[in-house]
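Spelled out from the first residue to the last, the chains are:
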Amino acid sequence: SQQGEEDPQALSIQEGENATMNCSYKTSINNLQWYRQNSGRGLVHLILIRSNEREKHSGRLRVTLDTSKKSSSLLITASRAADTASYFCATREKLTFGTGTRLTIIP
Amino acid sequence: EAGVAQSPRYKIIEKRQSVAFWCNPISGHATLYWYQQILGQGPKLLIQFQNNGVVDDSQLPKDRFSAERLKGVDSTLKIQPAKLEDSAVYLCASSWGLAGGITDTQYFGPGTRLTVL
């Protein structure tokens, strides 16, 4: 089944540093989406990248997509304490989320 | 714009009891999703509705779980009877529902945390 898998499972960085997390998927996609989930809350949509796009920016977020490698990366620049959350990728085809990357920003 | 509403926020029941969750999607959203999120895992899609029709319920344990979306707006998810392994957060999400683009963005509710004792 189609699935987004995030890597690494956990990441801790100092505030102000950049954080990069990756997502791999298995089959052709129409688009790929990244979501954030703060502890105990619902998911919040961050950014959507279409299969014909290679890079997309939104504020401090930068997403890349490599369809030949079936992978995507999410870069958060100049991290803040409020970025502490779990990050998930999802593809439209099967709407299956991976286990996420747990990001901790150390003040 | 009002978000996705869910109730109750928390529910504690004993195994073999029944429970129901309610979801009100964002106005105008044709597609509604129910997810189960077990602690430490990502959300798992249980069922997807397009208006009042079921698009995908392949991962719904149909022997105990049921869902409906009468009139294509609100939805209820029921578990009968509950098992210990049903303890999880149940998330509802909605989207505009057209294929292929920005309309696929899902908006999630706060979830219902179910504890089965």
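Data block above holds the structure.
Keep in mind that this is a model prediction, so the values were computed, not measured. (Residues numbered from 1 in each chain as written. Chains lettered and ligands numbered in written order. Predicted model: local features only at pLDDT ≥ 70, side-chain atom pairs only at ≥ 80, totals over all residues. Heavy atoms only, no water.)

A closer look at the state of the cysteines
Counting across every chain of the model gives 2 disulfides over all chains. Here A:Cys23 engages in a disulfide with A:Cys89; their sulfurs sit 2.0 Å apart. An S-S torsion of about 75° defines the bridge between A:Cys23 and A:Cys89 as right-handed. Taken together, the positions of A:Cys23 in strand β3 (residues 19-24) and A:Cys89 in strand β9 (residues 85-91) put the pair 66 residues apart, joining distant regions of the chain. On the basis of relative accessible area, A:Cys23 is assigned to the buried category, the value being 2%. In this model, B:Cys23 is linked to B:Cys92 through a disulfide, with the two sulfur atoms separated by 1.9 Å. Taking the sign of the S-S torsion, about -70° here, the bridge from B:Cys23 to B:Cys92 comes out left-handed. Residue B:Cys23 is located in strand β3 (residues 19-24), and its partner B:Cys92 is located in strand β9 (residues 88-95); the two are separated by 69 residues in the primary sequence. (Disulfide = S-S within 2.5 Å. Helix = DSSP H or I, 4+ residues; strand = E, 2+ residues; numbered from the N terminus. Buried < 20%, exposed > 50% of the residue type's maximum accessible area, 1.4 Å probe, protein only.)

Some remarks on the layout of surface pockets
The rolling of a water-molecule-sized probe over the atoms marks out the regions of remaining empty space. Within this model, the largest pocket holds a volume of roughly 570 Å³. Around the largest pocket, the lining comprises 28 residues; the ones closest to its centre are A:Gln37, A:Gly40, B:Gln37, B:Leu39 and B:Gly40. When residues of the lining of the largest pocket are traced back to their parent elements, those giving at least two are β9 and β10 (101-106) of chain A together with β9 and β11 (112-116) of chain B. No other element matches the 4 residues that β11(B) contributes to the lining of the largest pocket. (1 Å grid on protein atoms, 1.4 Å probe; cavity = no way out; pocket = protein on both sides within 12 Å on 5 of 7 lines; lining within 4 Å. Points joined across faces, edges and corners; volume = space filled by probe spheres on them.)

A few points about the sheet that holds strand β1 (residues 5-7) of chain A
All names here are of chain A. Reading across the sheet, the 5 strands line up as β1-β3-β8-β7-β6 and stay open at both edges, with antiparallel pairing between neighbours. The open sheet has two edge strands with one neighbour each: β1 and β6 (55-58). On average, each strand axis in the sheet is inclined to that of its neighbour by 20°, with strand direction left out of account. Strand direction decides the pairing type here: β3 and strand β8 (residues 71-76), joined by 6 bridges, are antiparallel. Its bridge partner being in β8, Thr20 is matched across the sheet by Leu75. (Pairing = 2+ DSSP bridges. Axes fitted to C-alpha atoms, helices over the stretch in contact; angles between N-to-C directions.)

Side note on the sheet that holds β9(A)
Residue and element names in this part refer to chain A. Taken in spatial order, the 5 strands make up an open sheet running β2-β10-β9-β4-β5, and their pairing is mixed. Each of the sheet's edge strands pairs with one partner strand only, and the pair in question is β2 (10-14) and β5 (43-50). With strand direction ignored, the average angle separating the axes of adjacent strands in the sheet is 25°. Here β9 runs beside β10; their pairing, made up of 3 bridges, is antiparallel. By the bridge assignment, Tyr87 is partnered in β10 with Thr101.

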